[in-house]
Amino acid sequence: MRTSRAWWPLAGLTAGALGLAVSYAAAALLHVRDSPVVAVAEGVITLTPGPVAKWAIDTFDTSDKKVLVAGILVVVALLFGWFGRLAHRRWWAAVTGYVVLAGTAVVAVLAKPTPSLIDLAPVVVGLLCWLVALALLAEWLRRWELAEDVPGPTDDALPTRRRFFAITGAMVAVSVLGGLAGRIAGNARRKAEQSRRLLRIEGVTAPAVPDGVAVDVEGVSPWQTPNDDFYLIDTAIIKPTIAPVDWEIRIHGKVERELRLTYADLVAREITEDWITLNCVSNEVGGDLVGNAWWSGVRLAAILAEAKPLPGADAVLQTSEDGWTCGTPLAALMDERNAMLAVAMNGVPLPIEHGFPVRTIVPGLYGYVSACKWVVDMEVTSFDDFTAYWTDKGWSAQGPVKIASKIEVPGDGAEVPAGELVCAGVAWFQHTGISKVEVQVDGGRWQPATLATTPNTDTWVQWRAVLDLAPGEHQLRVRAVDEEGRTQTGAIADVVPDGATGWHTIDVTASA
Ligand SMILES: Nc1nc2c(c(=O)[nH]1)N[C@H]1C(S)=C(S)[C@@H](COP(=O)(O)O)O[C@H]1N2
Ligand SMILES: [Mo]
């Protein structure tokens, strides 16, 4: 009798466990909010009719997802064993089984409120692990089977059998380690997340949208960008999870007095708050890497004044907990503008992805030279003496924002009725301000737009214009003029090395 046959389900189970553990670890490390299994569990909850869900919750007497997750794991384990059996004769059937399971997870992940591509990474990694692990185990089971077929008194199957169990054991060990790694990373995340939820920072107020900042055209970016919609740019695959009690910043270098501030020291100081628009140097003309939030924090001018920069210093080299660096002009951190160590965004403690517990915000500078998330170190120095993360990759050492404007309504390629057309969008030139926005149809005369108001010069401004379009295809263009009367250039420049320029241009078709 071939004993090897009995072990195919074990192979399926082992491969399955390995894939799940690796996917769980990947989810925790990448800070994907929930692992694929939890996503499936949540999907099940969402799809379960209310009374049934309530019955289940009452019956199991628990309000969390543990019972459901355990139930899903049992079902999945049975499936894994079955896939293993299938793999003996019908390899493709086992593969199909794993792919269908992964597909279920993909659907569950995409059904979440704000899915992103990175949320799918754990599923993909898990599926690859399943397939590779099962292929490996199947290979040794087949060899074992062949050895069993050799007639004779000696046990020729022994070496292959041993090998199969050794590989299985190794995979189980990796699964356990993966599970533990996921757990540790998940715990750090939970600890930071929990301290964040419990934080109440005195002096931080809820945002109140100022009167008159909206042109009230549907499709224009809302004045306040909600935290969940705020663009995200960073180099951290694994986001730092720093509990406030563990945070400290060191301000040193060319200073008379080195400073170290804990989180408690920081928030005990006077809180400053303002509407500030942040944008990325790699935002293309018309792009979305820009957002406006109500930021709360502590003014850097006061802190740096205490440290007393020495003559000759003209830069601050900021370093984040994950080792990212940027160089900021010392002057921009010490002049009258509201450069701050921010602790809250839109009235709540910074989301982890946006730099919790402390990040820098400097009106008028691109993020890559100023807006250090998870900031833990500031070295007062000179631009001549260092390079930073992006300047090493060909970007400019100096990154003042450039004036920009974009058309959001109508969308590029839209079909609109001929005649009067409301055209609207936003423009920004932080810390200088926008005085005028103009729109042009088919290269004709520049027509003035109406501007909404702004509370300061550090934010974007909404604009709207009413155009008259004849039937046919048209090209619409926008440009802005700054508070000093300088008109936005139409010369096209790439985002590298210091920000894109050019007029945002869209095509529309007007039908009679
Ligand atoms: N630690 C860290 N901070 C960082 C970055 C980064 O990669 N790592 N990217 C910067 C860039 S290029 C931008 S545009 C802003 C984006 O901030 P946000 O992700 O909160 O929108 O963060 C800046 N701060
Ligand atoms: Mo950026």
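Not measured: the values here are computed from a predicted model.

## Notes on the UniProt feature "transmembrane region" (unreviewed entry) in the protein
1) Next: As annotated by UniProt and renumbered to match this structure, "transmembrane region" (unreviewed entry) occupies residues 67–85, 91–110, 117–138 and 164–186.
2) Next: Summarising residues 91–110: 100% helix, 0% strand, and an end-to-end C-alpha distance of 29 Å.

## Details of the sheet that holds strand 12 (residues 415–417)
In a beta sheet, neighbouring strands pair by backbone hydrogen bonds and run either parallel or antiparallel.
1) Next: Pairing within the open sheet is mixed, and its five strands lie in the order 12-19-18-14-15. Either end of the sheet is taken by a strand with one partner, and the two such strands are strand 12 and strand 15 (447–448).
2) Next: Pairing of strand 12 with strand 19 (residues 504–511) involves three bridges; the strand directions are parallel. Counterpart to Pro 417 in the pairing with strand 19 is Ser 511.

## Some details on the site of ligand 1
1) Next: If you check the shell around ligand 1, you find 19 residues, and the closest are Tyr 231, Thr 235, His 354, Arg 359 and Lys 373.
2) Next: Take Tyr 231: an N or O atom from its main chain is 2.6 Å from an oxygen atom of ligand 1.
3) Next: In the environment of ligand 1, an oxygen atom lies 2.9 Å from a nitrogen or oxygen atom belonging to the backbone of Ile 233.
4) Next: Look at ligand 1: alone it shows 530 Å² of surface, and the protein chains cover 99% of it.

## A word on the pattern of salt bridges
1) Next: Within this structure, the stated rule accounts for 18 salt bridges.
2) Next: One salt bridge connects Glu 258 with Arg 250, and the closest N-O pair in it is separated by 2.8 Å.
3) Next: Residue classification places Glu 258 among the partly exposed residues on the basis of a relative accessible area of 42%.
4) Next: Among the residues examined, Arg 250 registers a relative accessible area of 27% and is labelled partly exposed.
5) Next: In the salt-bridge network here, residues are joined through shared partners; they are Arg 189, Glu 193, Arg 196 and Glu 353.

## Some words on the environment of Pro 471
1) Next: In this fold, Pro 471 is placed in the loop between strand 17 (461–469) and strand 18 (472–482).
2) Next: Classification of Pro 471 as exposed rests on a relative accessible area of 54%.
3) Next: When residues no more than four places from it in sequence are discounted, the contact partners of Pro 471 are Ala 418, Ala 510 and Ala 512.

## Overview of the UniProt feature "domain: Oxidoreductase molybdopterin-binding" (unreviewed entry) in the protein
1) Next: When the UniProt feature table is mapped to this numbering, "domain: Oxidoreductase molybdopterin-binding" (unreviewed entry) covers residues 240–390.
2) Next: For the annotated span residues 240–390, helix accounts for 12% and strand for 38% of the residues, and the straight-line distance between the end C-alpha atoms is 19 Å.

## Overview of a nonpolar patch on the surface
1) Next: Residues Val 172, Val 176, Leu 177 and Leu 180 make up a contiguous nonpolar surface patch of roughly 370 Å² in combined accessible area.
2) Next: Assignment of secondary structure puts Val 172 in helix 7 (residues 158–198).
3) Next: Take Val 172: its relative accessible area is 42%, and that puts it in the partly exposed class.

Thresholds applied
Residues numbered from 1 in each chain as written. Chains lettered and ligands numbered in written order. Predicted model: local features only at pLDDT ≥ 70, side-chain atom pairs only at ≥ 80, totals over all residues. Heavy atoms only, no water. UniProt positions renumbered as here; feature names shortened; annotations may be inferred. Helix = DSSP H or I, 4+ residues; strand = E, 2+ residues; numbered from the N terminus. Pairing = 2+ DSSP bridges. Near = heavy atom within 4 Å. Polar contact = N/O pair within 3.5 Å; in protein donor to acceptor, adjacent residues only side chain to side chain. Areas by Shrake-Rupley, 256 points an atom, 1.4 Å probe, with all protein chains shown as cover. Salt bridge = Lys/Arg side-chain N within 4 Å of Asp/Glu carboxyl O. Buried < 20%, exposed > 50% of the residue type's maximum accessible area, 1.4 Å probe, protein only. Contact = heavy atoms within 4.5 Å. Patch = residues over 30% accessible without salt bridge, like charges linked within 9 Å, V, L, I, M, F, W, Y side chains within 5 Å.

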